[in-house]
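Below are the chains, spelled out letter by letter.
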Amino acid sequence: MLLLATLNSPSAIVSTGILPAPEHAEADAPPRVTLTAGSREYLLTADLSHQGACIAILPGPTGLDAPPMQTTVTEYAGMDGGRLVKTRAASRRITLPLLLWAPTRPELLALKRTFVAALVAAREPCVLRVAEADGTARSIRVHYTGGMEGDEGTDASGLAFTRYGLQLTAPDPYWYGAERSETFRVHGAPGFLSHPAGSWTPMLSDTMNNPAAWTSPGTPGVVLNDPRVTDGQYTRLPADVRAEATTAVPYDGVSLYRLTARVRRSSKAAADAQTSVSVGLSGVAADGTPVPGGVRFVAAARRPLADAEGWVEVTGYAQDRDRDGGPPADGADHPREAAPGAMPAGTVTVRPVIQADGTPLDVDHLTLSRLDPTGTGTEPHTSPFLPLKIAPSMIGDEGIPVQVTSDVDAWPVWRITGPLGQQDAGQPVVPLRLANRTTGQSLTLAYGIPAGRTAVIDTRPGIKAVYLETPDGGRGENLWPRLVGPAALWQLTPGENSISLTATGASEDSTVTLTYQPRHLGA
């Protein structure tokens, strides 16, 4: 009876050491583990001191780190030992000791029945996700294989609790990090990703450790410590609070302005809460009053944020003033130098604005810079985050370094938007060649991509597809027959990869986007 009383009391479970007490410095807080089956997400690391039915992982999980390895060895004939033929990572098995607890028997039955049904009857793989306090997260696709058959023994079940040894199998043994993407654009076309020689001059740079530098209605932001951010501190804004800098920066309407902020979805956000961020500029008139329609979210306009992304950097550009009313307040973001947003008519100074949409928001730093001509030199300034130089006639074959943060090979998805490879009527298509100079592998696609259309090269195992994307994002024409020679849908190796792309017929609308998910050996 004593054990039953203990297990039916969430505070006793914490205090008796079955789970550690939830009192941690934020940077050292335990991970947040979830299991998603279909459309339902279950939190497996609930704080048992709260009210309501919940699930908690007990001590003793296995299978979360390195995957099991299988080796093939050919034994030597007539001598000791053998020769290693190959080594491969085998599918992994994960065991999670779980405690399901509820304050009442009916609540326990409801939780247990929905949880068991969701996992056992899942038509698609479930997703096990481990999110750390620093915002990083890794996930793995798993299938239920056993452990929830039930045990009514004294130590395993009671009126308001039950224990399971959940057994999961992951056919793909690797954990996947947040998706990473990099877009390369044309360089050299007039007015596109180039401008007269100059340099970015910071007009305002804030590392978000002084709440007095920002004004906001209601509850102000709080400064928190974390040695892993820019200067060891960051600001947490409450949900649905708009903070505006107290410092105003002169806005001449001629120069190009760049606004950058580093933000993340707060770890305090509820698991099922939708969240987004808006970052922009507030226009101020000569008399110091806000101009009508004065806020333009040039860097992020309700940009969705997910736990898996961790810290993300949003950037936008502003130039000129509206002449005929312009777009409404809070208009779309402007992430390209070539297409900056405009501030309202009458703007003489601007103040950065950050808005937490839906849930609390963490902000590490914010910088507002102006592009100032140097008065010397003739070479155009080019954005450092768009390193692939594409001339209007031909993409160069020089290797562009791409840093891949993965423990093992990662498989990219390429989205190539035309025009590329297009020639005059009656002229043959000049094949597009995409190569990894680090591994020596390449593929060649003999297809002229029309303007505004996108060819997709998906190298991921189990998918392997080359097709022309339809306007609604679906699969259109199969381009496998257009691959020339011994093509390889090659992978990215851990570390630096030297990527080259050669094609003709490029214009300022041509883009190449590389997307991949890092693969890791453990959670």
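Since we're looking at a predicted model, the values are computed, not measured. (Residues numbered from 1 in each chain as written. Predicted model: local features only at pLDDT ≥ 70, side-chain atom pairs only at ≥ 80, totals over all residues. Heavy atoms only, no water.)

Caption draft 1: Seen up close, the overall build of the chain. Within the chain, the secondary structure is distributed over three helices and 35 strands. Considering the chain as a whole, with its 523 residues, one finds that 45% of them fall into the buried category. Taking the intrachain contacts of the chain between residues at least 6 apart in sequence as the baseline, contacts between residues at least 24 apart amount to 74%. Put simply, the chain shows about 24800 Å² of open surface, and 53% of that area lies on carbon and sulfur atoms. (Helix = DSSP H or I, 4+ residues; strand = E, 2+ residues; numbered from the N terminus. Buried < 20%, exposed > 50% of the residue type's maximum accessible area, 1.4 Å probe, protein only. Contact = heavy atoms within 4.5 Å. Areas by Shrake-Rupley, 256 points an atom, 1.4 Å probe, with all protein chains shown as cover.)

Caption draft 2: Up close: unusual backbone geometry. Note the cis peptide between Gly-418 and Pro-419, where omega equals 15 degrees. Phi is positive for Met-208, which is not a glycine, with a value near 60 degrees. Along the chain, Met-208 turns up in the loop between strand S12 (198-206) and strand S13 (214-215). In this structure Met-208 comes out as buried when scored by relative accessible area, which is 3%. Backbone geometry places Asp-240, a non-glycine residue, at a positive phi of 60 degrees. Looking at where Asp-240 falls in the secondary structure, it is placed in the loop between strand S15 (233-237) and strand S16 (242-245).

Caption draft 3: Layout of the packing of aromatic side chains. Scanning all chains against the criterion turns up four aromatic pairs. For the pair Tyr-42 and Phe-115, a centre-to-centre distance of 5.0 Å together with 75 degrees between the ring planes defines the contact as edge-to-face. Highlighted residues: Tyr-42 in strand S2 (residues 40-43) and Phe-115 in helix H3 (residues 105-120), separated in sequence by 73 residues. What makes Tyr-42 buried here is its relative accessible area of 5%. Ring centres of Trp-414 and Trp-490 lie 5.7 Å apart, and the angle between their planes is 65 degrees; on these two criteria the pair is classed as edge-to-face. With Trp-414 in strand S26 (residues 413-417) and Trp-490 in the loop between strand S32 (483-484) and strand S33 (495-502), the pair connects residues that are 76 residues apart, well separated along the chain. (Phe/Tyr/Trp six-rings, centres within 6.5 Å; stacked < 30°, edge-to-face > 60°.)

Caption draft 4: Spotlight on the environment of Tyr-251. Along the chain, Tyr-251 falls in the loop between strand S17 (249-250) and strand S18 (257-265). Separated by 32 residues in sequence, Tyr-251 and Gly-283 have C-alpha atoms that sit 8.8 Å apart. When sequence neighbours within four positions are dropped, the list of residues in contact with Tyr-251 reads Tyr-257, Ala-318, Gln-319, Asp-320, Arg-321, Met-343, Thr-347, Val-348, Thr-349 and Val-350.

Caption draft 5: Molecular detail of the pairing of strand S27 (residues 432-436). Burial analysis of S27 places four of its five residues in the buried class, which makes it a mostly covered element. As paired strands, S27 and strand S28 (residues 441-445) are joined by five bridges and run antiparallel to one another. When the sheet's bridge partners are listed, Leu-434 is paired in S28 with Leu-443. Connecting S27 to the next strand, S28, in antiparallel fashion are four residues, including Gly-440 with a positive phi near 80 degrees. Inspection of the sheet shows S27 paired to S33 by four bridges, in the antiparallel sense. (Pairing = 2+ DSSP bridges.)

Caption draft 6: Spatial organisation of the sheet that holds S33. Across the sheet, which stays open at both edges, the five strands sit in the order S25-S33-S27-S28-S32 with antiparallel pairing between neighbours. The open sheet has two edge strands, strand S25 (400-404) and S32, and neither has a second partner.

Remember that the coordinates give geometry; whether it matters functionally is a separate question.
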